[in-house]
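Structural overview for review
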Amino acid sequence: MAGSDEAYPAATPDLHFASMQEALRIGVLALQGAFREHARSLSRLGAEVVEVRKPEDLDGLDGLVVPGGESTTIMQLAELYGLDDAMRHFEGAVFGTCAGMIVLDREHLGLADLEVDRNAYGRQVWSFEADVDLAGDDLPLHGVFIRAPRIRELGAGVEIIGELHGDPVLVREGRLLLATFHPELTDDLRVHAYFLDLARKRKAERKLAMTTTGGVDVGA
Amino acid sequence: MAEYGTLRVKTGLAEMLKGGVIMDVVDAPQARIAEEAGACAVMALERVPADIRRDGGVARMSDPQRIREIQEAVSIPVMAKCRIGHFAEAQILEALEVDYIDESEVLTPASLSHHVDKWQFTVPFVCGATNLGEALRRISEGAAMIRTKGEAGTGDIVNAETHMRAVFGAIRELKTARDDELYSAAKEHQAPYELVRWVAENGRLPVVTFTAGGIATPADASLCMQLGADGIFVGSGIFKSGRDPVIEHEGWVEDVSRRARAIVEATTHFEDAKVLAEVSTGLGQPMVGISASSLPDEERLEVRGW
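The present account deals with the structure reproduced in this document.

We now examine the side chain of E70 of chain A. In this fold, E70 of chain A is placed in the loop between β3 (63–66) and α3 (71–80). Under the relative-accessibility criterion, E70 of chain A is labelled buried at 5%. Setting aside chain neighbours within four positions, we find E70 of chain A in contact with Q32, A99, R118 and R147 of chain A together with M16, C40, S75, I76 and P77 of chain B.

Another aspect to go through is the pattern of salt bridges. As enumerated under the stated definition, the model contains 47 salt bridges over all chains in all. In this structure, E159 of chain A engages R172 of chain A in a salt bridge whose closest nitrogen and oxygen atoms are separated by 3.3 Å. One end of the pair, E159 of chain A, is in strand β9 (residues 159–164); the other, R172 of chain A, is in strand β10 (residues 167–173), and 13 residues separate them in sequence. What makes E159 of chain A partly exposed here is its relative accessible area of 40%. Among the residues examined, R172 of chain A registers a relative accessible area of 23% and is labelled partly exposed. One salt bridge in this structure joins E89 of chain B and R83 of chain B, with 2.8 Å as the shortest N-O distance. A residue is classified by how much of its surface remains accessible, and E89 of chain B, at 6% relative accessible area, is buried. A relative accessible area of 14% means that R83 of chain B is categorised as buried.

Moving on, we get to the environment of D297 of chain B. Residues and elements named next belong to chain B. If you trace the backbone, D297 turns up in the segment after α13 (273–280). For D297, a relative accessible area of 56% puts it in the exposed group. With 77 residues separating them along the chain, D297 and D220 place their C-alpha atoms 24 Å apart.

For the rest of this paragraph, the subject is helix α8 (residues 182–189) of chain B. Residue and element names in this part refer to chain B. L182, A185, A186 and H189 are the residues of α8 that are buried. Projected down its long axis, α8 shows its buried positions confined to an angular sector of 105°, all on one face. Seen from the buried face of α8, the exposed residues on the opposite side, beyond 90 degrees, are Y183, K187 and E188. Here the buried face of α8 lies against α6 (132–140), α7 (158–176) and α9 (193–202). Phi turns positive, to about 50°, at Q190, one or two residues after α8.

Attention now moves to the interface of chain A and chain B. Taken together, the contact between chain A and chain B spans 40 residues of the former and 49 residues of the latter. Carbon and sulfur atoms supply 55% of the area that chain A and chain B bury against each other, a total of about 3,800 Å² over both sides. Scanning the region where chain A abuts chain B turns up five salt bridges. R8 of chain B is the partner of E129 of chain A in a salt bridge, and the nearest nitrogen-oxygen pair spans 3.2 Å. The interface formed by chain A and chain B includes 26 residue pairs in polar contact (both at pLDDT 80 or more). Every element with two or more residues in the side of chain A that touches chain B is listed here: α2 (35–44), α3, β6 (128–134) and β7 (137–145) of chain A.

Let us look at the packing of aromatic side chains. Across all of its chains, the model carries 11 aromatic pairs over all chains by this definition. Both rings, one in Y121 of chain A and one in F128 of chain A, keep their centres 5.2 Å apart while their planes meet at 65°; by these two values the pair is edge-to-face. An identical accessibility class is assigned to Y121 of chain A and F128 of chain A; each is buried. One aromatic cluster is present, built from ring pairs that chain together Y121, W126, F128, F145 and F181 of chain A together with Y4 of chain B. Over the face of the ring belonging to Y81 of chain A we find K54 of chain A, whose NZ or CZ atom lies 5.3 Å from the ring centre. Its end group placed over the ring of Y121 of chain A, R150 of chain A keeps NZ or CZ at 4.4 Å from the ring centre.

What counts, and where the lines are drawn
- Residues numbered from 1 in each chain as written.
- Chains lettered and ligands numbered in written order.
- Predicted model: local features only at pLDDT ≥ 70, side-chain atom pairs only at ≥ 80, totals over all residues.
- Heavy atoms only, no water.
- Helix = DSSP H or I, 4+ residues; strand = E, 2+ residues; numbered from the N terminus.
- Buried < 20%, exposed > 50% of the residue type's maximum accessible area, 1.4 Å probe, protein only.
- Contact = heavy atoms within 4.5 Å.
- Salt bridge = Lys/Arg side-chain N within 4 Å of Asp/Glu carboxyl O.
- Arc of directions from axis to C-beta.
- Buried area = accessible area lost by both parts, 1.4 Å probe.
- Polar contact = N/O pair within 3.5 Å; in protein donor to acceptor, adjacent residues only side chain to side chain.
- Phe/Tyr/Trp six-rings, centres within 6.5 Å; stacked < 30°, edge-to-face > 60°.
- Lys NZ or Arg CZ within 6 Å of the ring centre and 35° of its normal.

Taken by themselves, the reported measurements are silent on function.
As structure tokens, then:
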């Protein structure tokens, strides 16, 4: 049934190992949407997962996942308690999937240098599963695309990591990772492991910045 | 090669709706109010349950014109109801590309023994259930989402509470059952053994489970979430509340918008009583409602479906 996913390969052992060196504290925005699945994937990789519903929940986090859901709903709930501003000032790594990517784009929080078309493939009957080609990895990644958005335009600093028929579907911009599909709905943990590596690098950078500036966290 | 209409794609959309509120709407203006209030989806229907109850007669699928207007008015998913067993209505709704079909007991059933064979469709279905067996039978027919039934159109939460406890209580019992007891459990629940075993092993239904029927206040929404619902359907509870729309239309829009938003907030912050107290304040008149226990048997909607 839903959720059982034995046909898909587990993450490669070295990625597993990389992610388990040190427990990272990762928040999952839990206003609305598929936050439980992200929490499960991250926990399986050894991260300590915290549900984020209010600005103070962001304190002390190394990374934040903005899950899929309805972007209009997520934005409205975020604005109610000032979580939108808190997220703009959050300095850890951030991973947005589907609606979460929309929340982070130029038009919304303005963190990611992307322009995105919502529901670009059509309504639910046009939702689909397909293999995504990953840069530097021969093994394709099975992607679940649900009323998925499409990246219309991306800024110069955005690196394409995954493509579907020539369209960018998984991209990275510095400490940000963005997917138009749902890696949390399959048991392939490669994308989450990649995000944890970003979060770890970001944590090291911030630590270094803290020591060189005499305790002032300069951020990005 | 892209694959469409897979079980994962169907259940996946329900996963994205979790923690959200799906609101019943009859036309585009109501759909806009719902979207602006933070609904994660809207449900298009001909009349809200309270009106179906009041007016009687046969309740059917909405006019496609209305559904198209709602689809154009909002960007969130649009669901629509078909009658139990009315696969032709379901085919029409699929052709209209609604995002989810609710095979619903709120409409007048079209079959006394057969639900729609939901595996034949690309569009996903949500179905109602009063107990675990009923939920698993619907899942075996292809439902990709379950909503526990309440007594729709009453504004009385008691039946929703009863059925959530029935479904989640039965799941807790299965979790502690011995493996060799699951065969007889399958017989008792009149559900396929494989699904009963899946539930016993995983401690939940294999699909997202919302609750519906009689939710009228933020506190009702919190009660349902605390009892284990993944999200909430609100029908008459929003658009049948507030000032009289005929006498004071502007005031009514304000009332229903405030209540809709309060229920959305309560569903997200269901465990935070301070937020609940705040959002419950000054909401105006809730829907008047009918005590579900005062209904004669022939007027109860929840017993439809089998």
